[in-house]
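Read off the chains here:
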Amino acid sequence: MNTKLIHEVRAVKSKKELENIIKAQRIAERVLEDVKKELHIGVKELEIANFIKNSFVKYGAPILSFPPIVAFGKNSANIHHEPSESKLKKGDTVMFDFGTTVNHYCSDMTRTFFFGEPNAKQKKIYLGVLKATELAMAKIAKGEKKAGVVDSTARNFLKKNFGPKNFQHGLGHGVGTVIHEWPNFKPKSTDILPVGCVMTIEPGLYFKNFGGVRIEDMILITKNSYTNLTKVPKDLKSAILKAE
Ligand SMILES: [Mn+2]
């Protein structure tokens, strides 16, 4: 008898469930557009985090997937940074990780920006993380369903080019009524991605006392490939904001 465990059943999203996730993501994308305009020299992470929360209320989706992460400068090296009194400076990395819920279904997105022209190291890190995203997605586009293989595709690239210690979390996770659900992209994961599950792809690189970059999209796993549910550009040019 082939019995499915509850987490396996829950991972596969119905049309209605998927619609809720996509709606939540579209609202988060509006908030991201708005919050970029709020960045100015001297603004505090906490002020920006409050702006994000208020924007979700304004757009009718007040129940967030998790408390928003807003990290400026070297704070972006901390994977779970809590918004603080830190003030934005020219040249800072700016990391946002947030999402909201629609009818209990979560969205999740991370974007990293540079407030003014990034230096060579910031650029190199950004392009490395972007490449890791592309490699993982290309693997899935070839029909790969083994979560561990997808994780190592991105992880091996980052290890080889940036050292073994700078990417210390899973490549991604399932998303549904809870923000982290089965299956998981992790180095030793034996999970097989079911068609119809929603996953994040979120490689990152973190350098203590310098800063980090994480880029996170949500994708729908399809029979032979995937559909990207995140409609925000992530090329380097889009990541560079005017600092004023
Ligand atoms: Mn995530």
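These lines cover the structure that appears in this document, whether it is placed above or below. (Residues numbered from 1 in each chain as written. Predicted model: local features only at pLDDT ≥ 70, side-chain atom pairs only at ≥ 80, totals over all residues.)

Quick look at helix 4 (residues 120-141) now. For helix 4, spanning 22 residues, the distance from its first C-alpha to its last is 31 Å, which sits close to the expected 32 Å at 1.5 Å a residue. Among the residues of helix 4, Q122, I125, Y126, G128, V129, A132, T133, A136 and I140 are the ones counted as buried. Taken down its axis, helix 4 places every buried residue within 160° of arc, on the same side. For helix 4, the exposed residues lying more than 90 degrees away from the buried face are A120 and A138. Where helix 4 terminates, the next one or two residues include G143, which has phi positive at roughly 100°. (Helix = DSSP H or I, 4+ residues; strand = E, 2+ residues; numbered from the N terminus. Expected span 1.5 Å × (residues − 1). Buried ≥ 20, exposed ≤ 12 C-beta atoms within 10 Å, placed from the backbone. Arc of directions from axis to C-beta.)

To continue, consider the sheet that holds strand 13 (residues 240-241). Pairing within the open sheet is mixed, and its 4 strands lie in the order 1-2-5-13. Edge strands, defined here as strands with exactly one partner in the open sheet, are strand 1 (69-72) and strand 13. (Pairing = 2+ DSSP bridges.)

Turning next to helix 5 (residues 147-162). A rise of 1.5 Å per residue sets the reference length of helix 5, with its 16 residues, at 22 Å; its end C-alpha atoms lie 22 Å apart and thus fit the reference within 8%. Turning to helix 5, its buried residues number three or more, namely A147, V150, D151, S152, A154, R155 and L158. At the C-terminal side of helix 5, G163 shows a positive phi close to 90°.

Along the chain, D97 turns up in strand 2 (residues 93-98). Separated by 66 residues in the primary sequence, D97 and V31 place their C-alpha atoms 12 Å from one another. Once residues lying within four places of it in the same chain are set aside, the contact partners of D97 are I69, T110, R214 and E216. (Contact = placed C-beta atoms within 7 Å.)

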